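# Structural characterization, general
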Amino acid sequence: MSGTGSRIHTIGAALLALAAAAAMGAVPPADATAPITQAGDYRYTVRHGGLARKYRVHVPPGVDLSKPLPLLVSMHGGGGNMEYQASEERYGQISKSDRTGFVVVFPNGVGALGDELATWNAGRCCGQAKEKNIDDVGFIRLVVSNLKRQLKIDPERVYATGMSNGGMMAHRLACEAPDVFRAVAAVAGTDNTVACSPQRPVSVLQIHARDDDHVPFDGGLGEKSRRRQVTGFTAVPATIARWVERDRCPVGPQRVLEVPGAYCDRHAPCAGGTKVALCVTESGGHSWPGARRKRGGESSKAISANDVMWEFFDGR
């Protein structure tokens, strides 16, 4: 996301999200550790690493808050923010939360313009977060810790996902916070960590389009990313090979899904009952499969990233 038009959209999305939260009657508690006692949308600001960091929480209606709930940390792409990632037309994760019954939190990266044009320090990428060596792993740990105080969160069902730079950050969390996350799903963002020695195995799903022009399937720089002079990206096959080795998986994958325009392969069983999987779409470019809207074109409708990742998380 870049340019004046994108910034205007992001501001508009933020205003719409605030209006929706007000309509639901959800008033953000001042204390980021105060119990959450009703469904709704909540926004928090916490101090971490000398910075004011923000995140948005969605608690779906109809869930029993007395029982442990799954939690998904969903991270925006480079140049986005938490409101953009919560956009229903681009990602559909709030409606998926409402249907499936999981809590979803949208953290905000470090922005070049306040909370806008934000990035994550995923290792070799991206932007100010990488240049300033921001402790995003520590920030995400704090977010999850706070939510475990506010809600009954099932520690065995804490997951992370992200788009592009957010997907790269999901890989870093799998490397450095496997005690927190049982599985991660990266969309259009590969493993660009500088070093990775997870203390325990963690399940990893990669979702990627063959024609991605930002983070190319075969690595390096794409037509769009080359203009921004960012790092050359790790290839998708190399990313999968790394996780197959780290999780001590069988080398040969099993085809678990094949539909027109997409397929999914899975390596399992891996150490500790984990698995490593790859879902590939033939088209869709740098976007979220199944999304209603993609900037500059159409997202692949061959699969839904939200459905595929929750099948992966739930062990199907």
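Residues numbered from 1 in each chain as written. Predicted model: local features only at pLDDT ≥ 70, side-chain atom pairs only at ≥ 80, totals over all residues. Heavy atoms only, no water.

## As for the packing of aromatic side chains
Under the definition given, this model contains nine aromatic pairs. Judged by centre distance (6.3 Å) and plane angle (70°), the rings of Tyr84 and Tyr91 are edge-to-face. On the accessibility criterion, Tyr84 (5% relative accessible area) is buried. Summarising the aromatic geometry, the rings of Phe102 and Trp310 are spaced 4.2 Å apart at their centres and angled 25° between planes, so their arrangement reads as stacked. Of this pair, Phe102 sits in the loop between α3 (93-100) and β4 (103-107) while Trp310 sits in helix α9 (residues 305-313), and the two are 208 residues apart along the sequence. (Phe/Tyr/Trp six-rings, centres within 6.5 Å; stacked < 30°, edge-to-face > 60°. Buried < 20%, exposed > 50% of the residue type's maximum accessible area, 1.4 Å probe, protein only. Helix = DSSP H or I, 4+ residues; strand = E, 2+ residues; numbered from the N terminus.)

## Considering unusual backbone geometry
Residue Cys126 is reached from Cys125 by a cis peptide bond, and omega for that bond is 20°. Positionally, Cys126 belongs in the loop between β6 (116-119) and α4 (127-131). Going from Ala268 to Pro269, the amide bond is cis rather than trans, its omega being -5°. Examined against the element boundaries, Pro269 turns out to sit in the loop between β11 (262-267) and β12 (276-281). For Asn133, which is not a glycine, the phi torsion comes out positive at approximately 50°.

## Remarks on the pattern of salt bridges
In this structure the tally under the stated criterion is 17 salt bridges. A salt bridge links Arg43 to Glu83; the shortest N-O distance between them is 3.0 Å. Separated by 40 residues along the polypeptide, Arg43 in strand β1 (residues 40-48) and Glu83 in helix α2 (residues 82-85) bring together distant segments of the chain. Across the pair Arg182 and Glu156 runs a salt bridge, and its minimum N-O distance is 3.0 Å. Residue Arg182 is found in the loop between α6 (165-176) and β8 (183-187), and its partner Glu156 is found in strand β7 (residues 153-163); the two are separated by 26 residues along the sequence. Three or more residues joined by partner-sharing salt bridges are found here, namely Asp41, Arg43, Arg56 and Glu83. (Salt bridge = Lys/Arg side-chain N within 4 Å of Asp/Glu carboxyl O.)

## Some points on the sheet that holds strand β10 (residues 254-259)
Spatially, the 10 strands line up as an open sheet ordered β1-β2-β4-β3-β7-β8-β9-β12-β11-β10, and their pairing is mixed. Among the strands making up the open sheet, the edge pair consists of β1 and β10. In this sheet, adjacent strand axes meet at a mean angle of 15° when their direction is disregarded. Set on the sheet, helix α8 (residues 236-246) makes contact with β9 (203-209), β11 and β12; between it and β12 the angle comes to about 165°. (Pairing = 2+ DSSP bridges. Axes fitted to C-alpha atoms, helices over the stretch in contact; angles between N-to-C directions. Contact = heavy atoms within 4.5 Å.)

## Re the packing of α6 against α8
For the pair α6 and α8, the least separation of the axes is 13 Å and the interaxial angle reads 15°. In this view, α6 runs roughly parallel relative to α8, as classed from their interaxial angle. Note on packing geometry: the crossing formed by α6 with α8 is left-handed. Here α6 contributes His171, Ala174 and Cys175 to the contact with α8, which in turn contributes Thr239, Trp243 and Arg246. (Parallel < 35°, antiparallel > 145°, perpendicular 65-115°, else oblique. Left-handed = near helix turned anticlockwise from the far one by under 90°.)

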